[in-house]
Amino acid sequence: SGFVISKPLSIIDAVLESGFEITALQMFSLDKTCASEFLEVYQGVIPEYPDTVLELCSGTCIAMEVKAPQASGLEVCSAFRELAGPWDVEMARELKPKSIRAQYGVNRVLNALHCTDLVEDSVPECLYFFDLLQRS
């Protein structure tokens, strides 16, 4: 899912051009409760948590579910994290200059997109947007 993205179509194009298949895509407007709930695993972990919650509920976000490129040999979370680049935009620019965060991120809060950190979180995160929010 993406936070506030200045160039969402460019980011979606980058995902597709990297060989990922987008299996679900939808725009959402989250309130602070939903944004906090979605990001709660980061509470107390990242110092930018409060600002990240506020940013996620400040406008429309785009949630995507993706499949990894078959030729990558990687499971989807690792492959997508590689495309996204490091969470810290400055680090992304230094270490992975072609990554999405290096190209479109501004700072640690406006880092272009959210990417599931752990394989075991991928299904719950997709279900949050494409199941739970659909029913509420």
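As the structure is a prediction and not an experimental result, all values here were calculated from the model.

## With respect to the environment of Lys 7
- Relative to the helices and strands, Lys 7 is located in the segment before helix H1 (8-17).
- Owing to a relative accessible area of 47%, Lys 7 belongs among the partly exposed residues under this scheme.
- Residues Lys 7 and Asp 131, spaced 124 residues apart in sequence, show a C-alpha to C-alpha distance of 26 Å.

## A closer look at the packing of helix H2 (residues 32-39) against helix H3 (residues 49-56)
- Relative orientation of the contacting elements H2 and H3 amounts to 130 degrees, with a least axis distance of 8 Å. Classified by the angle their axes make, H2 and H3 are oblique. Considering the relative orientation of H2 and H3, their crossing is right-handed. Facing Lys 32, Ala 35, Ser 36, Phe 38 and Leu 39 of H2, the residues of H3 in contact are Tyr 49, Thr 52, Val 53, Leu 54 and Leu 56.
- Residues that form the contact of H2 with H3 fall into these classes: seven nonpolar, two polar and one charged.

## Concerning the environment of Ser 29
- Mapped onto the elements of the fold, Ser 29 is located in strand E1 (residues 21-29).
- With relative accessibility at 61%, the residue Ser 29 sits in the exposed group.
- Through-space distance from the C-alpha of Ser 29 to that of Ser 58 is 8.1 Å; in sequence the pair is 29 residues apart.
- Dropping the residues within four chain positions of it, Ser 29 is found in contact with Gly 59 and Thr 60.

## Quick notes on the side chain of Asn 111
- Relative to the helices and strands, Asn 111 resides in the loop between helix H6 (100-104) and helix H7 (119-135).
- At 3.2 Å, the side chain of Asn 111 forms a polar contact with the backbone oxygen of Trp 87.

## Regarding H7
- Here H7 spans 24 Å end to end across 17 residues, near enough to the 24 Å set by a 1.5 Å rise per residue.
- By the largest-angle criterion, Tyr 128 marks the main kink of H7, which is about 45 degrees.
- The complete set of buried residues in H7 reads Ser 122, Glu 125, Tyr 128, Phe 129 and Leu 133.
- Buried residues along H7 sit against E1, H2, strand E2 (60-67) and helix H4 (76-84).

## Regarding the packing of aromatic side chains
- As enumerated under the stated definition, the model contains six aromatic pairs in all.
- Ring geometry for Phe 38 against Tyr 128: centres 5.6 Å apart, planes inclined by 40 degrees, an arrangement best described as tilted. Of the two residues, Phe 38 sits in helix H2 while Tyr 128 sits in helix H7, which places them 90 residues apart along the sequence.
- Given a relative accessible area of 8%, Phe 38 falls into the buried group.
- Given a relative accessible area of 9%, Tyr 128 falls into the buried group.
- Taken together, a centroid distance of 5.6 Å and an interplanar angle of 80 degrees make the contact between Tyr 128 and Phe 129 edge-to-face. Each member of the pair Tyr 128 and Phe 129 is classed as buried.
- One aromatic cluster is present, built from ring pairs that chain together Phe 28, Phe 38, Tyr 128, Phe 129 and Phe 130.

Scoring rules and cut-offs
- Residues numbered from 1 in each chain as written.
- Predicted model: local features only at pLDDT ≥ 70, side-chain atom pairs only at ≥ 80, totals over all residues.
- Heavy atoms only, no water.
- Helix = DSSP H or I, 4+ residues; strand = E, 2+ residues; numbered from the N terminus.
- Buried < 20%, exposed > 50% of the residue type's maximum accessible area, 1.4 Å probe, protein only.
- Axes fitted to C-alpha atoms, helices over the stretch in contact; angles between N-to-C directions.
- Parallel < 35°, antiparallel > 145°, perpendicular 65-115°, else oblique.
- Left-handed = near helix turned anticlockwise from the far one by under 90°.
- Contact = heavy atoms within 4.5 Å.
- Nonpolar A, V, L, I, M, F, W, Y, C, P; charged D, E, K, R; others polar.
- Polar contact = N/O pair within 3.5 Å; in protein donor to acceptor, adjacent residues only side chain to side chain.
- Expected span 1.5 Å × (residues − 1).
- Bend = angle between axes of the 7 residues up to and from the residue.
- Phe/Tyr/Trp six-rings, centres within 6.5 Å; stacked < 30°, edge-to-face > 60°.

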